[in-house]
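# Examining the three-dimensional arrangement
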Amino acid sequence: MMENICSVKEAQKISDKIVQWRRDLHKIPEIGMDLPKTEAYIKRILDQLDVKYKVYSGHSGLTVDFGNGKGKTVVIRADMDALPIVEETGLPYASENQNMHACGHDAHMAILLGTAAVLKIHEQEINGTVRLLFQPGEEFPGGAQVMVQDGVLESPHADYVLALHVSNRNDSYKNGDVAVNWEHTTAADDQLYLTIYGKGGHGSRPDQCIDPVAIATLVINNLQYIISREVSPYKSSVLTIATVKGGNGANNIIPDTAEVIGTVRNLDKETRDFVLKRIEEIVEHTVKAMRGDYSLEFKYPYPAITNNKDVVKEFVDAAEKILGENRCHILQFPELGGEDAGYYFERIPGCYFYLQCPQACPMDGKIYGAHNSKFCLDDSVLYVGTAMFLETTKKLLSF
Ligand SMILES: [Zn+2]
Ligand SMILES: [Zn+2]
């Protein structure tokens, strides 16, 4: 087994390397599914570690397998992609291009490389399989679904999945603390794209037109009744219309079409199915009642992440053992954000957790959240992520 791994000690020993890897990756952020520089960097480090990897066609994801292939299989995932944000941190290792690792996926990759480095040393002791999964396209358009189709959860079949995200969610936590939900963790994210077709004409003769802007207002209002009148008050469900487009700035032209774009967030599948069905019905009947036509699409859906209690229990025990008391926080509420790791978690029991590591931006001394051009993170505690992956895996494989 892997009893000989001293998770914290061994992860801490390579902390400088993890920091270096993270900062190197931070300089070369890439977006989407095709991340040639990032992929090349990961391969170079794995080559240095003398670790073999498997590549896939059509994207930059890769996997690394350790173990003897017997017993259980644990999959540990890190996302690889950045955001189209121009960095404004002023850090010496700031992005060298127009993108930015503003969600901390550079840290996630470095943590997983650290995990590879320690597992390599103990390769012969692993009874089971540990598969490290580097996945592109988390922010957009969703690489997890593609890699599931590539078969990363099979041969051998995955028994457990682990993943983390850097976080600055609570001021009272210390850097290097971890936090986790017992069950509901992130929401299903369905992106709504609605186009309403009317009939354009002169603003003074609405009777000769079918006004798509007027129809859009009715649709937007009616949709909110799903949340306020139809979903159980004990369920979390969010419907936000974020963009309404119609007309071109004129005050006397009724346009032909109007566009309505939004997002729908749900924690459980039953509520999600119900809300999506009701959106379709309400759109159809409202638009038809007003003599219009429409096209409605839900794009890039991300399933919710629901943690498995038994796996979380192992994680919490592991945290107490290696980090000490009060360093692992149980979260009361899920995030209604989307995370494409939901594609793994809807198939395989697992634990998705957060690593607390905020850092003030050197430009103004303030802490900024993810997806901000001044987002910074404290990479001196990333080794804790590696240690938690190792220790939790140790426990899961000894079942
Ligand atoms: Zn993000
Ligand atoms: Zn992220």
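Residues numbered from 1 in each chain as written. Chains lettered and ligands numbered in written order. Predicted model: local features only at pLDDT ≥ 70, side-chain atom pairs only at ≥ 80, totals over all residues. Heavy atoms only, no water.

Let us now look at the coordination of the zinc ion (ligand 1). Each protein donor to the zinc ion (ligand 1) is listed here as Cys103 (SG), Glu139 (OE) and His371 (NE2); together their distances run 2.0 to 2.2 Å. Here the zinc ion (ligand 2) and the zinc ion (ligand 1) are spaced 3.2 Å from one another, each receiving a donor from Cys103. Remark: Glu139 occurs in the loop between β4 (129–135) and α5 (143–149) and Cys103 occurs in the loop between β3 (73–79) and α4 (105–121); sequence separation between them is 36 residues. Take Glu139: its relative accessible area is 21%, and that puts it in the partly exposed class. (Donors = N, O, S within 2.8 Å, 3.2 Å for Na, K, Ca; no water. Helix = DSSP H or I, 4+ residues; strand = E, 2+ residues; numbered from the N terminus. Buried < 20%, exposed > 50% of the residue type's maximum accessible area, 1.4 Å probe, protein only.)

This next bit is on unusual backbone geometry. Excluding glycine, most residues fall at negative phi; most peptide bonds, likewise, are trans. Note that the residue after Phe140, namely Pro141, is joined by a cis bond; omega there is 0°. Structurally, Pro141 can be placed in the loop between β4 and α5. Of the consecutive residues Ser155 and Pro156, the connecting peptide bond is found in the cis state with omega at -5°. Checked against the element boundaries, Pro156 lands in the loop between α5 and β5 (160–167). Phi at Asn326 is positive, roughly 60°, even though this residue is not glycine.

Summarising the metal site, the zinc ion (ligand 2) is bound by the protein donors Cys103 (SG), His105 (NE2) and His165 (NE2), whose distances to it range over 2.1 to 2.3 Å. Sequence spacing of the donors to the zinc ion (ligand 2): C-x1-H-x59-H. Using a relative accessible area of 9% as the deciding quantity, one classes Cys103 as buried.

What follows concerns the packing of aromatic side chains. Summed over the entire model, instances satisfying the criterion amount to five aromatic pairs. Ring centres of Phe315 and Phe353 lie 4.4 Å apart, and the angle between their planes is 35°; on these two criteria the pair is classed as tilted. One end of the pair, Phe315, is in helix α8 (residues 309–323); the other, Phe353, is in strand β16 (residues 350–356), and 38 residues separate them in sequence. On the accessibility criterion, Phe315 (0% relative accessible area) is buried. Its relative accessible area of 1% is what places Phe353 among the buried residues. Residues Phe345 and Tyr352 carry aromatic rings whose centres are separated by 6.1 Å and whose planes lie at 75° to one another, so their mutual orientation is edge-to-face. Classification of Phe345 as buried rests on a relative accessible area of 6%. (Phe/Tyr/Trp six-rings, centres within 6.5 Å; stacked < 30°, edge-to-face > 60°.)

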